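Now for the letters of each chain:
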Amino acid sequence: MKWISLVPVLAVGGLLLFAAKDFPEWGDPQSPASSSPVSSHFINNTGVDTEVPNMVTAVLADYRGFDTMFETVVVFIAGVAVIAILKGSGRRRGGLRKDHEVEAEPDLIVTNTVRLVVPVIQIFAFYVLAHGHVSPGGGFQGGVVMGASFILLALAWDLDHALVRMSLPKCIIIAAAGIILYGGIGFLSMLLGGEFLDYAELEKVLPVSREMARYHAMLGVEIGVGFTVTSIMFALYANLSSEGRLKGGL
Amino acid sequence: MDNAIAWIFIFPLFGAVACALLGMVNRKFCNPIAVLSMAGATWAGVETLLQAVASPQAEVSYILGGWTLDLFPRGVGIEFRADLLGGLIALVVLGVGFIVSIYSKLPVERETPNKESLFYTLFLLQITGLAGIALTGDAFNLYVLIEVAALTGYGLIAIGSNRAAAATFNYLILGTIGASLYLLGVGYVYIKTGTLNMVGIQEVIMANHLMDSATMQVAFVLIGLGILIKMAFFPFHAWLPNAYCNAPSTTSSLLAPLVTKVMIYVMIRMVLTVFGVEFSFESTLWAKFMPWLVVVAIICAAVMALAQREIKKMLAYLIVAEVGYMVGGVWIYNYYGLIGSIFHIISDACMTLCLFLGAGIILRKCKTTHFDGLRGLFAKMPLTMIGFFIGGFSIIGLPPTCGFFSKWYLITGGMVSHRWEYLVVLMFSTMVMVVLFFRLIERIHLAVSESGKNLGKGHGELGLTKEQTKFDEAPLSMLIPLLLAASIVLIIGIYNQDVVDQIERFLEPLNLPKGTKD
């Protein structure tokens, strides 16, 4: 009966292809998505409005910063939901032996390589985070790289080894701090007389112009995103890999 | 205050973060934080709605990030727009959230011990998402907020038990499919129009005559299908009953009144504001067969509700039937039908809230919500039962509850547009609901045993011992929210004209047909 599921797949696929004949030409500069005043506004004014050379960052963190704030909240929710669902569920089925709880000595070559690599990964994460304004990168990417470095620790030794450096309460605190940083910057700009997330108003507290205020605020919110993504990445790994028991290696 | 609309999401968002942090210090902080932030948000919701009512354009427009609206089509930056429809729905979301936050104190302690801080974090973010959906004026931002509401919903349901977690998995798969279809549709709209602002999209459709464009037609189908899955419209309802019935009682009292209703709001918003009346009703195939799907949906859901022997499950199928009413009210393409739909969103949220709050109390006191465990409940908890039955009477549609008036407009819409099939199924499902609730009343009041045998020896005799019928009312923190919800059902019913006036003010400029189409 599995073939039945092909029917909706083909139907939706056919529908999507059917519409494609009506698409604007590939790369057509006259197509609405390229020629609309909205896109041209982004292309022409990003540098003027925000002093940020990377247009993608400006659209992501400033023009549509409200979306990005809630994307960060989604990451936070994912972590909180997984912790909430798995918390205590390990104890309920405690009698069963888990394969991954077999004690094993960490491998010498692996641990020493990881010891060398982790600092490099973490520095690179900071670079990706901070360099988001001028090159591809930003909070999400930097946060993922940073979170991966902690996961690598847990893989090379075991979960406890990584949890000493990044415990679960610490994860929640850092993730919440990320949201507070992002939302707080938006809230501060509202208190200073603008709309929510109107970074330009931050010129009243920063010794810079309105455009540079937007520039610096974007870095601030990217750091907030980085906080949340880093800690939630690791919290997800720690919970899922140990079914919420938070011990043992994979 | 100019920023009232921003406070609507600031309160629950920061409240949620505060719950996550302070909840680690002491989990007793969580409930007061939730109640306070919901009180603040509700105040902001009232303020926003009053501003919208007072303003000459009947809307409050708020551009996040301080960008401009002057361009054509608008769309730089994200707009929050509380017109009378969005403002009303947002206020319903916040009001329900406030009532449930008061109610939640005891059930959360009992049903999800040691997880209070995580629970309230998800709870407040759920309300942030739902209220945001009602207010946002940007099609992509709507998607992000749908994700916020959906993910918190999965967490809130699965937090309860392993069975709930299994039910959530179905919900997760179907919800993700629905959201993905919506996102694909938004992508198609963007490639044709070059903007994501809802009003902007309609301006482009009008200016460039995109009514017959295949891309827009497919986008409409994808968005519509995605939303139908999300709102548990009949063939896609499979996720709802198990999820709501196994969820902790706080969760089901929050999600059941809001999630499906907010999704119907999204459908109305897409039809009226994004694609426009002309496009949605006159250039699509969709509009031709939707009224017939509604007929099937209402009949099936009502019959399935009739087959249930458990209060929460029965209520879950009632929600599916009610979804059919509201979708039908939109697609019969009539002014009165739409008034009915919008008003029914509001009244259905209030009455479903009543019923689920009541069911939660019954579950707490009787340890079961199966029909067989209900005998003598009225003697035990008269106030709870009064609240519960006001909700039930409103579902049936007895005056002066709000359910009567919203159903009145739906029926008027069906009559003036000569949609007799819609009228017939509305009547049929009303009859089913009469049977459902009077069967419950019978179970509770009369001495009918599980096997249907009469145990009573005379009038008022339940065949129960004194202890079993001793006055044992629900704790005040649960009873007061229930009675509050019940009185709101009555108040909206009595002052229905004021609500309808605002809905009419919203619908008036759209030139919907007031009689048959031809």
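See the structure above.
Below is a short write-up of the structure. Residue positions are given per chain, counted from 1 along the sequence in the order it is written. To label them, take the chains in the order written and letter them from A, then take the ligands in the order written and number them from 1. Reporting of local features is limited, given that this is a predicted model, to residues whose pLDDT is at least 70; pairs of side-chain atoms are given and counted only at 80 or more, and all residues count toward the totals for whole chains, interfaces and linings. The side-chain quantities take in all heavy atoms of the structure and omit both hydrogens and water.

Our next topic: unusual backbone geometry. All names here are of chain B. Between Pro 399 and Pro 400 the backbone carries a cis peptide bond, its omega angle lying at 5°. Within the secondary structure layout, Pro 400 lies in the loop between α17 (382-396) and α18 (402-416). For Tyr 333, which is not a glycine, the phi torsion comes out positive at approximately 55°. Assignment of secondary structure puts Tyr 333 in the loop between α14 (311-331) and α15 (335-366). Exposure remark for Tyr 333: the relative accessible area of 10% places this residue in the buried category. Labels follow the DSSP assignment, with helices taken as runs of H or I lasting at least four residues and strands as runs of E lasting at least two, numbered in each case from the N terminus. Each residue is assigned to one of three classes by its accessible area relative to the maximum for its type, calculated with a 1.4 Å probe on protein chains only: buried under 20%, partly exposed between the two thresholds, exposed over 50%.

Further remarks concern α15(B). All names here are of chain B. Any helix carries an expected span of 1.5 Å times its number of residues minus one. The end-to-end C-alpha separation of α15 is 45 Å, in line with the 46 Å expected for 32 residues at 1.5 Å each. To get the bend at a residue, fit one axis to the 7 residues ending there and another to the 7 starting there, then take the angle between the axes. The sharpest bend along α15 reaches about 25° and sits at His 344. Where burial is concerned, most of α15 is hidden: 29 out of the 32 residues are buried. Definition of a polar contact: a pair of N or O atoms within 3.5 Å, with one able to donate and the other able to accept a hydrogen when the atoms are protein atoms, and with sequence-neighbouring residues admitted only if both atoms are side-chain atoms. N-cap assignment for α15: the residue whose side-chain oxygen lies 2.8 Å from the backbone N of Tyr 336 is Asn 334. Positive backbone phi, approximately 65°, marks Lys 367, located one or two places after α15.

Here we come to the nonpolar core. In this structure, A:Phe196, A:Phe234 and B:Trp331 are the most contacted members of the largest nonpolar core, which totals 256 residues. The element best represented in this core is α15(B), accounting for 19 residues. The contact definition used throughout considers only heavy atoms, calling two residues in contact when any of these lie within 4.5 Å. Discounting chain neighbours no more than four positions away, the residues touching B:Trp331 are B:Phe220, B:Met267, B:Val271, B:Ser280, B:Phe281, B:Trp286, B:Ala287, B:Met290 and B:Pro291. Counting seven residues, the second largest nonpolar core, distinct from the first, contains A:Val38, A:Phe42, B:Ile63 and B:Trp67. In this text, buried Ala, Val, Leu, Ile, Met, Phe, Trp, Tyr and Cys residues form a nonpolar core when linked through side-chain atoms within 4.5 Å.

On to the packing of aromatic side chains, then. All names here are of chain B. Put simply, two rings from Phe, Tyr or Trp (the six-membered ring, in Trp's case) pair if the centres are within 6.5 Å, and we call them stacked under 30 degrees between planes, edge-to-face over 60, tilted for the rest. By the definition in use, this model includes 35 aromatic pairs over all chains. Ring geometry for Phe 220 against Trp 331: centres 6.3 Å apart, planes inclined by 80°, an arrangement best described as edge-to-face. Of this pair, Phe 220 sits in helix α9 (residues 214-230) while Trp 331 sits in helix α14, and the two are 111 residues apart along the sequence. Looking at Trp 331, the relative accessible area reads 2%, which means it is buried. Note on Phe 393 and Phe 438: the rings are 6.3 Å apart at their centroids and 35° apart in plane angle, and the pair reads as tilted. Here Phe 393, found in helix α17, pairs with Phe 438, found in helix α19 (residues 420-445); they are 45 residues apart in sequence, far enough to count as distant. Among the aromatic residues, those joined into a cluster by ring pairs are Phe 220, Phe 275, Phe 279, Phe 281, Trp 286, Phe 289, Trp 331 and Tyr 333. Charge-over-ring contacts are defined here by two conditions on Lys NZ or Arg CZ: a distance within 6 Å of the ring centre and an angle within 35 degrees of the ring normal. Taking the ring centre of Tyr 335 as reference, the NZ or CZ of Lys 514 above it sits at 4.4 Å.

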